[in-house]
Amino acid sequence: MSDLCTTTWWFEVLGALRAGRDGQDVPLGAPKQRVVLAILLLGRNTLVARDQIIEAVWGESAPSSAVNVVHTYVAGLRRALEPSRANRAPGSLLRSSGDGYLLRLPQDAVDLDVFEARVAAAGKLRAAGDLLGAHEVLDEALGLWRGEPLSGLPGLFAEVERGRLVERRLVVLEDRAELRLALGRGAEAVGELTRLVAENPLRERLHGMAMRALCQAGRQAEALSVYRSARQVLIEELGVEPGPELQRLHQAVLAGEDLTDPSPPVTTSRPVAAPSQLPRGPANFVGRQRELDRLAQLAGDTPAGLVVAVTGPAGVGKTALAVHWARDRFPDGQLYVDLHGYDPQRDPLDPAEVLRRFLCALGVPTTEVPATLDERSALFRTMLADRRLVVVLDNARGSQELLPLLPGAHSCVLVTSRRRLDGLVAHADAQIVDVALLSPTDAVGLLGRIAGEQRLLAEPEAALRLAALCDRLPLALRVAAARLAGTPRLSVAGLVAELDDERGRLAGLGLEGGDSVVRAAFDASRRALPRLPARLLTLLGVHPGADVTPHLAAALAQVGLGEATRALDALAAAHLLSVSEPGRYAPHDLVRAYCVTLAAEELTAEEHRAVAGRMLDYYLHCADLADGLLPITRGKVPIAPEHPPAAVPVIDGSGTAMAWLEAERGNLLAAAGYAAAQGWTTHAWQLPYTMSRLFWLSADRATWLSTHEAAAQVVRGCGDAEAQFVTLHNLGVVLTMHERFAEALDAHREALAVSRREGHGERQARVLTSIANIHHETGQLALAEEHYLRAAEIGERCGARFAQANALHNLGILHADQQRHAEAEQRLRTALRVYAETGEVIGQTACLSDLVTSLLATGEVVQAMSTARRALEIAVSAASPYHQGIAHDRIAQALDAQRDPGAQGHWQRALGLLTELGAPETDGVRSRLARARLTA
């Protein structure tokens, strides 16, 4: 048996680096050898490349013998950690693998892991309402800290990681203070919060909690003093006013509001999200005792890692059974997704998109969701490793796409499908629960629950016949019962007579057997509807998305918003639509197929195209409106739908714009796909164009790429020069982000050829700059300079001032990278002047920040400081957090050049802003802050 199994290991990084084996300290050797152990500990249970260790230990000063030295350090660690290991025998704890090393440790062998586990446990207790228990567990977690993390270890790596860990501890300290406030124990927190504010004077959250704690202690005057001090330090150090939350708190104290109530929300450290995504189950669930007993038996026999495939024909109630059984059984939450495996108008959901949604529901910020399917799947399993959730994967079509969605051993997975999913049985040991038709008794019981039991008892033979006509399918039974409930004068026999009449009834919907009866039930329910809801069912058959809103319905039917809302409510009342969330209506898959069939039957080709045009124009108009309000520069592509909607949702600022785009993301993508497939060329490229800034802000480069690849296929043969240029140029931009440089160059060259054919100078300048950026990125600096100069010359010649300034701006950055700072300053000042003349504020703040780099390199520190502060002023006026973060970084660099300790405050501010955005500059800022702390 290996030492890993029989030895008790304990490693500490939350203080001086220590290692223990069976309760005895392990001598760890020289400082750099200890650094190597720290690197391996922080990368525990993953392969750490030798080059990564060399970079961390020596940075840019690695000796030629670095590989051999690392080997020596690792050998020394092996001797210290595993002294009984035979010479040249492979280690059980520290192993070599290729060009790297793997430190294999149990889950609870590192104090940092135990700390994070307790923080996560506190989050669960907080989510469950046990504030006192959460506070006690956080006390235990913070008790693991023994001083400055990794104290005594030399070098930049240790300082960077030290900064990360110190920040993590501070967040948890804030969470504990929030819990004390929520428990009404603010007076106890005053001392600690006062100390933390003194140590972190630029952290607004701490100032706010200190004010609340003082108010709970009856010391309102001191709370106002805390605000005045906070405002003074923020203005003096950063040149900014306190944020809106701190200002609101200040006004509340001034107004004499009661802040002693321990009710403000508590923010806790990630991961704390306990998702509750199961849809509302049917209120009248009947029968299924056999299936419920089978699920209970499987859960008892397989307490961990249970995977169940709930199978059966369409409309039989698979989802209702899964939701009914799963609710309230799993303390850590429920995840749910409709995979659209049988949707007649939508492709099945991609596993990567499903994982993106699940990770966001579990608390992962959008910008931190990994890019690849494998990475997302690994993070998903990691986050669920010690949690008991249920994951419901509804409407699955096949087995292979389900495998990346399976969580760790403690959670349960329920998959619903019309297929048996034998592949899932083979690869994941899934158990099968087949859902049969309801028994005649249960079918009549379901009818009675909805339509009234006395009514069914009065006509027992007709009730049995009605159940048979509905094939005892719960969906069809519910529709028929809703018809009876909504029409009190209609007898059960009368409804049976309608369903018995085959005139006009389709042979089936082309799905599983028995659907002809479902169609008959739908037809009967539709005939009982008012004109507009009945008509709307037909129009919805043209819509490719998953759900609809009253605004879209109004555009489709060409009616007012109120009429559209009432029509959708009527369809929901008839159980033909369900309300997925307030204001959003979704049809069941069979109802969707019914709508598609109605559209094919009842709309002429001309009518069908007119409805599709109104649908696409609605999305394009609203997407353009929202896109124009996002806090990022956009191009000047004219968007002019032929039929703009009369009623549009509230989109009046960046917040509502982003909210609308996120809510409609799926429908917008479906509309863009529909446009590309059905020959709507303008919408096929303009919809992706209006979404590209959403993709940029949410770091969704994969969808950005896929939408523009599809649009490029459309525009290449359409003869519309603007469509070709915009789409191909944007495709080149996103391909560059994916580092697919050769393909990006091809797309940009296509766009350049289009702009040259049209004689469009401004577009030529833009795409030449993009090509130059690729050459710059790939180290072809002479080619990059040549293209920048050509772009600037063309822009100036044709009066395209922004394109000229952008080319000169990027050329200045190139010169700065080449240490040609005098030329860089000249180019950047020219670009800055043109930006100012054209009113391009984002260009100004970015250019000023880049100018600071060259000014510092040439020793113009005072000028660099004033330039950086000007960059911050413009970024604040433009309400751009990204550019504010960049400007704070430049101010910090200017202060650091003067050995001014105030630099750290600006780097902390920059780090906060850029981390929240997931900006790529974050790591650089963190390293500079670490160096400043190291030298201090």
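Being a predicted model, the structure only gives us computed values, none of them experimental.

Enquirer: Is there a simple way to explain the overall build of the protein chain in this structure?
Expert: For the protein chain, the count of helices and strands is 42 helices and 13 strands. Computed over the C-alpha atoms, the radius of gyration of the protein chain is 32 Å, within 12% of the 30 Å expected from 2.2 N^0.38 for a compact globule of 936 residues. The principal-axis extents of the C-alpha atoms in the protein chain amount to approximately 95 × 75 × 70 Å. Across the protein chain, the fraction of contacts at a sequence separation of at least 24, relative to all contacts at a separation of at least 6, is 66%. Total accessible area on the protein chain is roughly 40,100 Å²; 51% of this is exposed by carbon and sulfur atoms. In the protein chain, 97 side chains carry a positive charge and 112 a negative one; their mean positions are 1 Å apart.

Enquirer: Please clarify how the nonpolar core should be interpreted in this entry.
Expert: Generally speaking, soluble globular proteins have nonpolar side chains that are buried together. Residues L536, Y619 and W660 are the most contacted members of the largest nonpolar core, which totals 130 residues. Top element by residues in this core is helix 27 (residues 605–627). It accounts for 10 residues. The residues that make up this core include at least three from each of domain 5 (520–603) and domain 6 (861–935). Contact partners of L536, with chain neighbours within four places excluded, come to A553, A557, A567, L568 and L571. Counting residues in each nonpolar core, the second largest holds 80 residues, with V48, L112, L142 and A230 among its members.

Enquirer: Would you explain helix 25 (residues 561–573) in this entry?
Expert: Since one α-helical turn is 3.6 residues long, residues separated by three or four positions face the same way. With 13 residues, helix 25 ought to run about 18 Å at 1.5 Å a step, and its terminal C-alpha atoms sit 18 Å apart, in line with that. What helix 25 keeps buried is the set A564, A567, L568, L571 and A572. The arc that holds the buried residues of helix 25, viewed along the axis, is 140°, so those residues lie on one side. Opposite the buried face of helix 25, by more than 90 degrees, sit the exposed residues R566 and A573. Tucked inside the fold, the buried residues of helix 25 contact helix 23 (531–540), helix 24 (550–557), strand 12 (578–581) and strand 13 (584–586).

Enquirer: Would you take a moment to explain unusual backbone geometry for this structure?
Expert: Excluding glycine, most residues fall at negative phi; most peptide bonds, likewise, are trans. Notably, L150 is not glycine yet its phi reads approximately 55°, a positive angle. When you line up the elements, L150 lands in the loop between helix 6 (131–142) and helix 7 (156–182). With relative accessibility at 0%, the residue L150 sits in the buried group.

Enquirer: Explanation requested: the sheet that holds strand 6 (residues 100–103) in the structure shown.
Expert: Whether parallel or antiparallel, the strands of a sheet pair through hydrogen bonds between backbone atoms. Strand order in the open sheet formed by 3 strands is 4-6-5, and the pairing between neighbours is antiparallel. Strand pairing shows two members of the sheet lacking a second neighbour, strand 4 (47–49) and strand 5 (94–97), which therefore form its edges. Taken over all neighbouring pairs, the strand axes of this sheet differ in orientation by 30° on average, direction set aside. Against the sheet, helix 2 (residues 31–42) engages strand 4, strand 5 and strand 6, with an angle of about 70° to strand 6.

Enquirer: Looking at this structure, I do not really get the pattern of salt bridges. What am I missing?
Expert: Opposite charge on two side chains permits pairing when their charged atoms draw close. All chains considered together, the criterion is met by 47 salt bridges. In this structure, E178 engages R212 in a salt bridge whose closest nitrogen and oxygen atoms are separated by 3.1 Å. Here E178 is found in helix 7, whereas its partner R212 is found in helix 9 (residues 204–216), with 34 residues between them in sequence. Across this residue pair, the class does not change: E178 and R212 are buried. Close ionic contact of R716 with E750 constitutes a salt bridge, the shortest N to O distance being 2.8 Å. Of this pair, R716 sits in the loop between helix 31 (701–715) and helix 32 (721–737) while E750 sits in helix 33 (residues 741–758), and the two are 34 residues apart along the sequence. For E750, a relative accessible area of 30% gives the class partly exposed. Through salt bridges with shared partners, a single network forms among E167, E174, D175, E178, R203, R205 and R212.

Enquirer: Just checking my understanding: could you explain the packing of aromatic side chains for this structure?
Expert: The geometry of an aromatic ring pair is captured by two quantities: the separation of the ring centres and the angle between the planes. Under the definition given, this model contains 5 aromatic pairs. Centroid distance Y618 to Y619: 5.3 Å. Interplanar angle 65°. Geometry classified as edge-to-face.

Here is what the cut-offs are and how they apply
- Residues numbered from 1 in each chain as written.
- Predicted model: local features only at pLDDT ≥ 70, side-chain atom pairs only at ≥ 80, totals over all residues.
- Heavy atoms only, no water.
- Helix = DSSP H or I, 4+ residues; strand = E, 2+ residues; numbered from the N terminus.
- Rg over C-alpha atoms; globule rule 2.2 N^0.38 Å.
- Contact = heavy atoms within 4.5 Å.
- Areas by Shrake-Rupley, 256 points an atom, 1.4 Å probe, with all protein chains shown as cover.
- Lys, Arg positive; Asp, Glu negative; His and termini not counted.
- Charge placed at Lys NZ, Arg CZ, Asp CG, Glu CD.
- Core = buried A, V, L, I, M, F, W, Y, C linked by side-chain atoms within 4.5 Å.
- Buried < 20%, exposed > 50% of the residue type's maximum accessible area, 1.4 Å probe, protein only.
- Domains from an automatic or database assignment.
- Expected span 1.5 Å × (residues − 1).
- Arc of directions from axis to C-beta.
- Pairing = 2+ DSSP bridges.
- Axes fitted to C-alpha atoms, helices over the stretch in contact; angles between N-to-C directions.
- Salt bridge = Lys/Arg side-chain N within 4 Å of Asp/Glu carboxyl O.
- Phe/Tyr/Trp six-rings, centres within 6.5 Å; stacked < 30°, edge-to-face > 60°.

Geometric values such as these leave the question of function open.
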